[in-house]
Each structure stands twice: as C-alpha cells, then as structure tokens.
Amino acid sequence: MGADAGRRPVRTLREALAGYLESSGLDRVAVTDQIGRAWVEVLGPEIAKHTRLARTLRKNVLDVVVDSPAVLQELKGFRKAEILEGLRARVKRQYIEDIRFKLGEQKRPKAEPKGEN
C-alpha cells in the first residue's frame, strides 16, 4: 500500500469551515440572520414591523406572515418583484426563488407581569 492510503484529501480552510458550518446548522442560522437584515433594508422598518419571516426557507421559498390586509396587498400585489430583487442582491449565499405572503397575527413578546410595590 502507498503512503497516501487511508488519508483524507487535503481541504482548504474555507472548505473545512463551510463543511463544519453546514453540518452544525450554523450556516442556516447565519443565512436566516442575513435574510432578516436584508428584509428590513429592502422594505424599510415601518413596513417590516408589520411582517414576520419564517425561521428557514423551504425549497427556496420565504414564508412571510403579514398583520395587515393593506400591507399584505401592497407587498403581494405591488412590491413582490422589487423585494425579491433586493433580497437576491443582498443575500448571496442562499437563492430565494419566491416569497409566499399570508395574513396572520404577529407573535408579540408577552408583557412582563407588574410587580407589587
């Protein structure tokens, strides 16, 4: 047997890190965070506050819950192509094929119970 038998192929640091991030799930977290930041940049904070993004993409489709029928109509009917273009320009590591909007309630943080003073 030669000296190379049983050895793993040499990988660059970039390849090794990419493999680690993918296997650990951290890559998905980083992409989800990047999509969230890009979402606010593309929509602006006033419109973005009426939306909630799914935690992950499914089959390259981003699911978005919108809390207002008027905002839903604006995003779905008038701005969808613009939003997709803006996200694709900002999120290079994950291709976003489509956005699926639906009307629903926003999950708001529960109010802290008031202490007795």
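Further up the page is the structure itself.
What counts and how
- Residues numbered from 1 in each chain as written.
- Predicted model: local features only at pLDDT ≥ 70, side-chain atom pairs only at ≥ 80, totals over all residues.
- Heavy atoms only, no water.
- Pairing = 2+ DSSP bridges.
- Helix = DSSP H or I, 4+ residues; strand = E, 2+ residues; numbered from the N terminus.
- Axes fitted to C-alpha atoms, helices over the stretch in contact; angles between N-to-C directions.
- Core = buried A, V, L, I, M, F, W, Y, C linked by side-chain atoms within 4.5 Å.
- Buried < 20%, exposed > 50% of the residue type's maximum accessible area, 1.4 Å probe, protein only.
- Contact = heavy atoms within 4.5 Å.
- Polar contact = N/O pair within 3.5 Å; in protein donor to acceptor, adjacent residues only side chain to side chain.
- Right-handed = clockwise from strand over helix to strand, strands pointing away.
- Expected span 1.5 Å × (residues − 1).

Engineer: What is the right way to read the sheet that holds strand 1 (residues 51–53) from this model?
Structural biologist: The strands making up a sheet are joined through hydrogen bonds of the backbone, oriented either antiparallel or parallel. Read from one edge to the other, the open sheet built from 3 strands follows the order 1-2-3, with strand pairing classed as mixed. Sheet topology places strand 1 and strand 3 (98–103) at the edges, where each strand pairs with a single neighbour. When strand polarity is set aside, the average angle formed by the axes of neighbouring strands in this sheet is 25 degrees. Where strand 1 lies against strand 2 (residues 61–66), 3 bridges are found, and the strand directions are antiparallel. In the sheet register, Leu53 faces strand 2, and the bridge partner there is Val64.

Engineer: Please clarify how the nonpolar core should be interpreted in this entry.
Structural biologist: Soluble globular proteins tend to bury their nonpolar side chains together. Within the largest apolar cluster, 22 residues are counted, with the highest numbers of intra-cluster contacts made by Trp39, Ile83, Leu87 and Phe101. The set of elements that each furnish at least two residues to this core consists of helix 2 (26–43), helix 3 (45–48), strand 2, helix 4 (69–90) and strand 3. Excluding its chain neighbours within four sequence positions, the residues that come into contact with Ile83 are Trp39, Val42, Leu43, Leu75, Ile99 and Phe101.

Engineer: Is there a simple way to think about the side chain of Arg79 in this case?
Structural biologist: Within the element layout of this structure, Arg79 appears in helix 4. Within the structure, Arg79 has its side chain in polar contact with the backbone oxygen of Val42 (distance 3.4 Å). Of note is the side chain of Arg79, whose polar atom sits 3.1 Å from the side chain of Glu82. Every residue in contact with Arg79, bar those within four places of it in the chain, is listed here: Val42, Leu43, Ile47 and Glu74.

Engineer: Before we go on, may I ask you to explain the pairing of strand 3 in this structure?
Structural biologist: Looking along a regular strand, one sees side chains alternate from face to face of the sheet. Where strand 2 and strand 3 come together, 6 bridges link them in parallel fashion. Across the sheet, Val61 pairs through a bridge with Asp98, a residue of strand 3. Read as a crossover between parallel neighbours, the route from strand 2 over helix 4 to strand 3 is right-handed.

Engineer: So what exactly am I meant to see when it comes to helix 4 here?
Structural biologist: Since the α-helix turns once every 3.6 residues, residues separated by three or four places project in the same direction. Compared with the 32 Å implied by 1.5 Å per residue over 22 residues, the 27 Å span of helix 4 between its first and last C-alpha is markedly short. Residues of helix 4 that are buried include every one of Val71, Leu72, Leu75, Arg79, Ile83, Leu84, Gly86 and Leu87, and no others.

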